[in-house]
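Listed below, chain by chain, are the residues.
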Amino acid sequence: MLHEPVILFRYFNLETKEEQTICAKHFKTVQSRSDAENIKNKIVIGRYSVLPFYKELENDLSYFNSKLINSFREHRYIADLKNWALDVDVDEPLLTAHTPRTWLSFQDVPDNIPLILKGETNSRKDKWNTHMFAKNKTEAIQIYLKLKNDRFFENQEIYIREYLKLKTYFTDPVNEQPVTKEFRFFCYQDKVLAGGYYWSNHLDQVKKIEEPKISDVPESFLNKLTNIISRSATFYVVDVAQLENGEWILIELNDGQMSGLSEVDPDELYSNLKQCFIE
C-alpha cells in the first residue's frame, strides 16, 4: 500500500530556496530517486524534478514499489494542449466551453481574428509581439514558421488559439505583452489547495492600479474546472483570467510538479497538500 508522500526536490538553488525550506516543514524531502530508504513504498511528488525523463522516472520508481503523484498518462493529458483544449478523446466537449478556441492547423482558422501560437507545453511569452501574438491569420503563419524553426519546440506540436481580450492593467513596454488579471491555482484531485496572482514580476506595478484578489475568481467557476480535470489528473495547476466583459476563462493547465509558484503562498500550498494525505 502507498500511504506516505515524499517530495523529490532534486535541484537546490537560490530561486527555490525559500520554497524548499517551507516544503521540508510539511513533507519528507529527498534529492535522489535512488534514495531507497526514503523512496520505497511512497507517493513521490517530483517538484521541478520529473523532466525531461518522466516515463523513465516512473519506471525507476516502480522498482521501489513507488509511483509519481501524476502517472505518465496523467502528465501527458496535462502537458499536451490538445488533450484538454480540444477534448479529442472524449465523447462530449468538457473544457472547450471554458477556454479559447484552439486549432491544430490553419485550415479551420478564421482570417481576421487575433491569435496566439504556442507549443503543446511551452510558449515564447518573453517574445510576445514577435513569437506569440498575431493580429490575424497571415501574421500567425509567419510566427508559426518561426516557432517551427525554434529548437525549443522541435518535439512539440504548434497550436493556434484565439486571442480573447482580457482585463488588462498595462502593457509591458519591452515586448508589448499585456499584464492581465490572471491567477494561478494549485489543485489536488477536485480540491483547490492555494492560489495567487500570476504575474509575479509585475505585482508591484499592478498593486498601484488594483489589489488582485483570488477571491474575485468565482468558486463555482473553479469547481467546474476541477470537477472536469480531476477525472484525468491528480496534481495540477489551472491558470485563469478575467475577460474584459467580466467572464472568467481557463488560460492554461500545467503539471503541479513543474509549475512555478507565481504569488502562491508555499506554506499554504504544502500545508493543504499534506492534509490531503491525512484525510
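Residues numbered from 1 in each chain as written. Predicted model: local features only at pLDDT ≥ 70, side-chain atom pairs only at ≥ 80, totals over all residues. Heavy atoms only, no water.

Re the sheet that holds strand S7 (residues 133-134)
Point 1. With antiparallel pairing, the four strands of this open sheet are ordered in space as S5-S8-S6-S7. With partners counted over all chains shown, the strands left at the sheet margins are strand S5 (102-103) and S7, one partner each.
Point 2. Pairing between strand S6 (residues 115-119) and S7: two bridges, direction antiparallel. Paired with Leu 115 across the two strands is Ala 134, which belongs to S7.
Point 3. The strands that helix H7 (residues 137-148) touches are S6, S7 and strand S8 (158-162); relative to S6, the one it contacts most, it runs at about 15°. (Pairing = 2+ DSSP bridges. Helix = DSSP H or I, 4+ residues; strand = E, 2+ residues; numbered from the N terminus. Contact = heavy atoms within 4.5 Å. Axes fitted to C-alpha atoms, helices over the stretch in contact; angles between N-to-C directions.)

Describing the layout of surface pockets
Point 1. One number sums up the size of the largest pocket: a volume of about 1600 Å³.
Point 2. What lines the largest pocket is a set of 48 residues, among which Asn 122, Asn 254, Met 258, Ser 259 and Gly 260 lie closest to the centre.
Point 3. With five residues, helix H4 (residues 72-79) is the single largest residue contributor to the lining of the largest pocket. (1 Å grid on protein atoms, 1.4 Å probe; cavity = no way out; pocket = protein on both sides within 12 Å on 5 of 7 lines; lining within 4 Å. Points joined across faces, edges and corners; volume = space filled by probe spheres on them.)

Describing the sheet that holds strand S1 (residues 5-8)
Point 1. Read across the sheet, four strands follow the order S2-S1-S3-S4 without closing on themselves; strand pairing throughout is parallel. Each edge of the sheet is formed by a strand with only one pairing partner; in this case those strands are strand S2 (28-30) and strand S4 (67-68).
Point 2. As paired strands, strand S3 (residues 43-45) and S4 are joined by two bridges and run parallel to one another. Residue pairing across strands places Val 44 opposite Leu 68, the latter belonging to S4.

Notes on unusual backbone geometry
Point 1. A cis amide bond links Leu 51 to the next residue, Pro 52, at an omega of 10°.
Point 2. By secondary structure assignment, the location of Pro 52 is in the loop between S3 and helix H3 (54-62).
Point 3. The backbone phi angle of Asn 65 is positive, close to 60°, even though this residue is not glycine.
Point 4. On the secondary structure map, Asn 65 appears in the loop between H3 and S4.

Comments concerning helix H10 (residues 266-276)
Point 1. All buried positions along H10 are accounted for by Pro 266, Leu 269, Tyr 270, Leu 273 and Cys 276. Seen end-on, H10 carries its buried residues on one side only, within an arc spanning 110°.
Point 2. Contacts from the buried residues of H10 go to S1, helix H1 (17-26), S3, strand S11 (182-188), strand S12 (191-197) and strand S13 (235-242).
Point 3. Between the side-chain oxygen at the start of H10 and the backbone nitrogen of Asp 267 there is a gap of 3.0 Å, and the oxygen is on Asp 265. (Buried < 20%, exposed > 50% of the residue type's maximum accessible area, 1.4 Å probe, protein only. Arc of directions from axis to C-beta. Polar contact = N/O pair within 3.5 Å; in protein donor to acceptor, adjacent residues only side chain to side chain.)

Describing the packing of aromatic side chains
Point 1. On inspection of all chains with the given rule, the structure shows 13 aromatic pairs.
Point 2. Sitting over the face of the ring of Tyr 48, Arg 47 holds its NZ or CZ atom 4.2 Å from the ring centroid.
Point 3. The ring centre of Phe 27 lies 5.2 Å from the NZ or CZ of Lys 274, which sits over that ring. (Phe/Tyr/Trp six-rings, centres within 6.5 Å; stacked < 30°, edge-to-face > 60°. Lys NZ or Arg CZ within 6 Å of the ring centre and 35° of its normal.)

Note that all results are geometric; they support no functional claim without further evidence.
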